[in-house]
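Spelled out, the chains give:
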Amino acid sequence: MTGSLNFSAGCPARWATPLTGRPSLLERVEVAAAELRIDLMGHQRQIAATATELDGSGNLVYQQVTVTIPRQQGKSTLMLCVMVALAWRRPRTQIIYAAQTRLDARRTMFDEWWPMIAASRLGRVCKPRRAAGGEALLFANGSRIGLVWVEEGRPRSHGRYRGHRRMLGPAG
Amino acid sequence: MVPAAPPAADGGPVDPQASLEALARRLEDAHRADPGNALLARELRMTLGKLAGGDGADDGLAEFLSRLSG
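This structure is a prediction, so every number in the text was calculated from the model and none was measured.

**Concerning the overall build of chain B**
A count of helices and strands for chain B gives three helices and zero strands. Starting at the N terminus and walking to the C terminus, you meet the elements of chain B as α-α-α. Looking at chain B as a whole, 29% of its 70 residues qualify as buried. Here chain B displays about 4,300 Å² of accessible surface, and carbon together with sulfur accounts for 57% of that area.

**Considerations on the environment of L103 of chain A**
Here L103 of chain A is to be found in helix α4 (residues 102-118). Through-space distance from the C-alpha of L103 of chain A to that of W149 of chain A is 8.6 Å; in sequence the pair is 46 residues apart.

**Details of the pattern of salt bridges**
This structure, assessed with the given rule, holds eight salt bridges over all chains. Close ionic contact of R45 of chain A with E30 of chain A constitutes a salt bridge, the shortest N to O distance being 2.6 Å. Taken as a pair, R45 of chain A in helix α2 (residues 42-51) and E30 of chain A in helix α1 (residues 26-35) lie far apart in primary sequence, 15 residues in all. Given a relative accessible area of 25%, E30 of chain A falls into the partly exposed group. With a shortest N-O distance of 3.7 Å, R25 of chain B and E21 of chain B are connected by a salt bridge. In this pair, R25 of chain B and E21 of chain B both sit in helix α1 (residues 16-33), four residues apart, roughly one turn of the helix. Through salt bridges with shared partners, a single network forms among R92 of chain A together with D29 and R32 of chain B.

**Regarding the interface of chain A and chain B**
On the side of chain B, 18 residues touch chain A, which itself brings 18 residues to the contact. Carbon and sulfur atoms supply 57% of the area buried between chain A and chain B, which totals about 1,600 Å² over both sides. Ranking the residues of chain A by area buried against chain B places W88, R121 and R124 of chain A at the top, with a combined share of 39%. Applying the counting rule to chain A against chain B returns one salt bridge. Close ionic contact of R92 of chain A with D29 of chain B constitutes a salt bridge, the shortest N to O distance being 3.3 Å. The interface formed by chain A and chain B contains five residue pairs in polar contact (both at pLDDT 80 or more). Of all elements in the fold, only α1 and α3 (75-89) of chain A reach the threshold of two or more residues within the side of chain A that touches chain B. Here the side of chain A that touches chain B is composed, by residue class, of nine nonpolar, two polar and seven charged.

So, how was this worked out
- Residues numbered from 1 in each chain as written.
- Chains lettered and ligands numbered in written order.
- Predicted model: local features only at pLDDT ≥ 70, side-chain atom pairs only at ≥ 80, totals over all residues.
- Heavy atoms only, no water.
- Helix = DSSP H or I, 4+ residues; strand = E, 2+ residues; numbered from the N terminus.
- Buried < 20%, exposed > 50% of the residue type's maximum accessible area, 1.4 Å probe, protein only.
- Areas by Shrake-Rupley, 256 points an atom, 1.4 Å probe, with all protein chains shown as cover.
- Salt bridge = Lys/Arg side-chain N within 4 Å of Asp/Glu carboxyl O.
- Contact = heavy atoms within 4.5 Å.
- Buried area = accessible area lost by both parts, 1.4 Å probe.
- Polar contact = N/O pair within 3.5 Å; in protein donor to acceptor, adjacent residues only side chain to side chain.
- Nonpolar A, V, L, I, M, F, W, Y, C, P; charged D, E, K, R; others polar.

Below is the structure:
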């Protein structure tokens, strides 16, 4: 995939990192989306094309990607497509999804993502792990999507987070 | 290119699913290192197909996964 992609079918971002012409994982993200019966919108394709640009060694160019769009604009469904593409691209890839609370994280994973996966052929190479604290989607190639959330008021007796009201809660 | 040898058997019962998954991982590594090796690609596709479809049922999952893994 190159920078000649046309996203005009949707609503391209007003401000965005420009495509450079490097290869990207957009095609694989679109393959994952099609399997999950997700019709990616123009801005989602633009984000995927930019965020998954690869360097000459096949590694992701951007270590951190910030996307700011309104709610209900397809962030989590796009994330699912990107994560599936990343999970199957390389065996034993460890992916973490972060949410505000554990409940939010679980809802996204098990109420939104897993039904789409289970209804697709991916359901045969992926299984959910619902155990509290170890929530994850486990892929047959050893890759995993785990959860991380931010908890309020969780007690912590030592360490540099003492006195903070919010801390990160790991899962899986 | 030959996939790395599996760990020595300890004499315990074989878990077919786990063994198949381990084989698929080794084949994926080997295929990535030598993408032009059609024999490896075929073995990988067959292994993934077996993993995906159990007794050979194949609704295109192996082909789909190969597109996903590039």
